Amino acid sequence: MNRRRIAAVARKEWKETVRDRLFLLMAFLLPALWMVVFGYGLVLDVEHVPFAVLDRDQSSLSRDYLYRFIESRYFDYRGSVSDEREIDRLLGDTAIRMAIVVPERFEEQLLAGRSVTVQTLLDGTFPLHADTTKGYVIAVNNSFTQELLTDFLARTRGLGPDEARRLAEPVSLETRYLYNQEVRSTWSMVPALIMFALMVASPLLTALGVVREKETGSIYNIYSSTASKAEFLVGKLAPYFAISMINVAVLWMIAVWLFRVPFKGNIAVFIAASMLFVLCSTGIGLVISLLVRTQMAALIITIIIAMVPTILFSGLLVPVSSLSPGAQVQAHLFPMMYYTDVVRGSFLKGLGLKSMWMDLLALTGFAVVLRLVVYGLFTKRPKA
Amino acid sequence: MSAKGAGVNDKDDIEAGTLRVWALRLFVMTRKELLQLRRDVPLLLFLIYSFSLSVYISGAGISMQLNNASLLVHDGDHSASSRELIHRFRPPYFRFDGEVEDQKVGVQRLDQGTAMLLLDIPPRFHESIVGREPVSVQLQVDTTNAPQGLSAAAYAARIVGEFSFDLASFRLGGASGGLMDMPRVESAHRVWYNQNQDETWFQSISHILRMITLFAFLLPAAALVREKEHGTVEQLLVSPVTPFQIMLSKVLAMTLVILAATALAMASVLKPVFGVPIKGSAPLFFLMTALYSFTTAGLGLFAATVARNQAQVGMMALLGISPMLLLSGIATPFEAMPPWVQTLMALSPLRYFVDVTYGILLKGVGFDVLWDSMLAMALLGGTMFGLGMWRFRRQFQ
């Protein structure tokens, strides 16, 4: 390995990148832009569920009951209907996601101390949302029942309100939310978005850098030059590595200063992990670039390989632990999951090397293996 | 090339045959695109993978619903009551991952991310219940992933609430010497369109949506930029084909490819493996897929007219596609997003195609309900295609 030759390749690559103004702008702008747009926009909480009501009772108690949904921030009231067929139409048109049907004699039955069944109709096309909505409805029903029961006991047994409440709710649950006390999805999203931005932009930069030379034929200059395989690869990577590391710093600043996500962990561990991760993501780009011939193929394959597993199997949206075994295997085969662990651990949990050395080791492993694959695949004497 | 020559020879009745010639030229150009794509073997293999195996993996593998949340218990009581309560935390939502002797050990496991919840049952739990004293149990939830954490907490609250209600009714019933009436609002749910909340349906369909979007944007955009980069676009422009034909043929070819790939995904994975019902009209669905491909291709072509090389078009694709994929309502609930994002997403054709796809496939609705989404897609596609055409003409003529 000759340092001057590496520097020469790197300088050439750097010049080509800098000369392409639009590309250079995008390389820096894109990650920051994503961070801001997705940080604010990618809200995972199921809120403002649009719903309609069909109140067959029209009593003061039923209105009191429905009012709990209407004033809740989880639901958006879209009006009341008089016919079940209308619900059908609204659900079909996605104007509402849920409808509540209050039965006749709702008030009468409850005041007499009998149980009443309230039916909710849910749009099941998005099972997660349907399920979460169901949870909200049950929570409202339970708390309403609790109050009714307390009232009922106070009325029928002549107990004081405190005593009645104690009788009505013998066991309660106190929940403490760790690491993200206000349960803000921004806090869980923003650190993981650093991973997303690095994973999606860096491989593309690298892959196109190599395939461009293959397609235009300028790679023959390299084949016939004195630069060795390793020197070429290192030099080629250097500018993209530098761009990505600058992006890491910018993204970190956006997360901490703009989104006010606390950084509780060890900055050295975070930087080390980021460097390893950038080596992995650029390595993926290099591998793809060596397997395909055209820039078109490189572009499409890199974007899809970078985006799809990153959205699905990195823990960005779905925690890896709730994937099926097959998908978990796939999650472990990509470096994204490990880096997501490190980023979230560093930001929210305040973990250090002691609890995250496994993730760092895995990232190192990926970086090394990817380098070896690249070294094996790349040849200065192609057959055709 | 020979077919194109035939087209030029039709000079005799050029008036009568203009349309025929025009169509023939378009056909030849479309064929050329398909041939070029066929020669790119790695890309073709990848296309097939994306619409078959990959659909299966994400359909079968991803569940965003709370599933197997790992639960640790610190049982300070070890009584019949505490066991009864623990027993109620059941799969598929919770996975009991054992007891910890010390609360600290439990918190450590939460730190490492090997457990998600820690339930803490206090000493004298049973005694308090028997002695009619109110008692509370504590739950610590890892909320680094906020929605899952909330969902787990909601289920836990439901379980403890029911436990508590059962105790209360048993106790009150016991006191009055028989079963007693108690007021209670019970919840009955009817889930429409996907009664069992089978998530494979949702995930496999949304994966196809993702793939259609990516390919519909990238294939024509990359094909056009390649011609610009290689200079073959100048050759085409001196030939009798018009810029409109050049662009349209790319869209046509890629739309055909995407329709075939979608059909492959439906026939190989969606129907046989996951049993996704196609409640509405299949021809309507394919027609809409074609419209959506056209619209998205319009976006791609517009990007291609701005970009000068593949690297630029790649960056612009990332700029355009990632918000579409993440914010159009397949990754997150659309209604919950901030109003400005919802407004911005009116520009995303995927936002409409999501409603159309789920509407046709799962809800079985037709043109009468979906016409507004279709119109929006057509308008967006037409505008983007027109803008692309305008830029393309200006660049080369």
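Residues numbered from 1 in each chain as written. Chains lettered and ligands numbered in written order. Predicted model: local features only at pLDDT ≥ 70, side-chain atom pairs only at ≥ 80, totals over all residues.

## Observations concerning the overall build of chain A
Secondary structure summary: chain A contains 15 helices and five strands in total. In terms of C-alpha radius of gyration, chain A reaches 29 Å, well past the compact-globule figure of 21 Å for 384 residues. Taken across its 384 residues, chain A has 51% of its residues classed as buried. Residue pairs at least 24 apart in sequence account for 77% of intrachain contacts in chain A once pairs closer than 6 positions are excluded. (Helix = DSSP H or I, 4+ residues; strand = E, 2+ residues; numbered from the N terminus. Rg over C-alpha atoms; globule rule 2.2 N^0.38 Å. Buried ≥ 20, exposed ≤ 12 C-beta atoms within 10 Å, placed from the backbone. Contact = placed C-beta atoms within 7 Å.)

## A closer look at the sheet that holds strand β1 (residues 69–75) of chain B
Judged by pairing direction, the sheet is mixed, and its five strands sit side by side in the order β5(A)-β4(B)-β3(B)-β1(B)-β2(B) without closing on themselves. Bordering the open sheet on either side are β5 (171–178) of chain A together with β2 (94–99) of chain B, each of which pairs with just one other strand. Geometrically, the sheet is characterised by an average inter-axis angle of 25° between neighbouring strands, direction not taken into account. (Pairing = 2+ DSSP bridges. Axes fitted to C-alpha atoms, helices over the stretch in contact; angles between N-to-C directions.)

## Observations concerning the domain arrangement of chain A
Domains assigned within chain A are domain 1 (3–42 + 184–377) and domain 2 (49–168). Distance from the C-alpha centre of domain 1 of chain A to the C-alpha centre of domain 2 of chain A: 49 Å. (Domains from an automatic or database assignment.)

## Some remarks on the pairing of strand β4 (residues 135–142) of chain B
The pairing of β5(A) with β4(B) spans eight bridges and is classified as parallel. From the neighbouring strand, Ser172(A) faces β4(B), where its bridge partner is Ser136(B). Looking at chain direction, strand β3 (residues 117–121) of chain B and β4(B) are connected through four bridges and run antiparallel. Within β4(B), the residue paired with Asp120(B) across the bridge is Gln138(B).

## Side note on the confidence of the model for chain B
Low-confidence regions, as indicated by low pLDDT, have predicted coordinates that should not be scrutinised in detail. All names here are of chain B. Confidence along chain B averages 84 in pLDDT terms, with 93% of residues attaining 70 or more. Taken as a whole, residues 1–10 scores under 50 in pLDDT and shows nine contacts with residues more than four places along the chain or in a different chain. Here the predicted complex carries an ipTM of 0.79, next to a pTM of 0.82. (pLDDT = per-residue confidence, 0-100.)

## Comments concerning the domain arrangement of chain B
On domain assignment, one finds that chain B holds domain 1 (2–61 + 197–396) and domain 2 (69–175). Just the C-alpha atoms count here: the centres of domain 1 of chain B and domain 2 of chain B sit 50 Å apart.

## Points about the sheet that holds strand β4 (residues 115–123) of chain A
Strand order in the open sheet formed by five strands is β2(A)-β1(A)-β3(A)-β4(A)-β5(B), and the pairing between neighbours is mixed. A single partner strand is all that each edge strand has here, and the edge strands are β2 (75–80) of chain A together with β5 (184–192) of chain B. Across the sheet, the axes of successive neighbouring strands diverge by a mean angle of 25°, strand direction being ignored. Across five bridges, the pairing between strand β1 (residues 49–55) of chain A and strand β3 (residues 98–102) of chain A is parallel.

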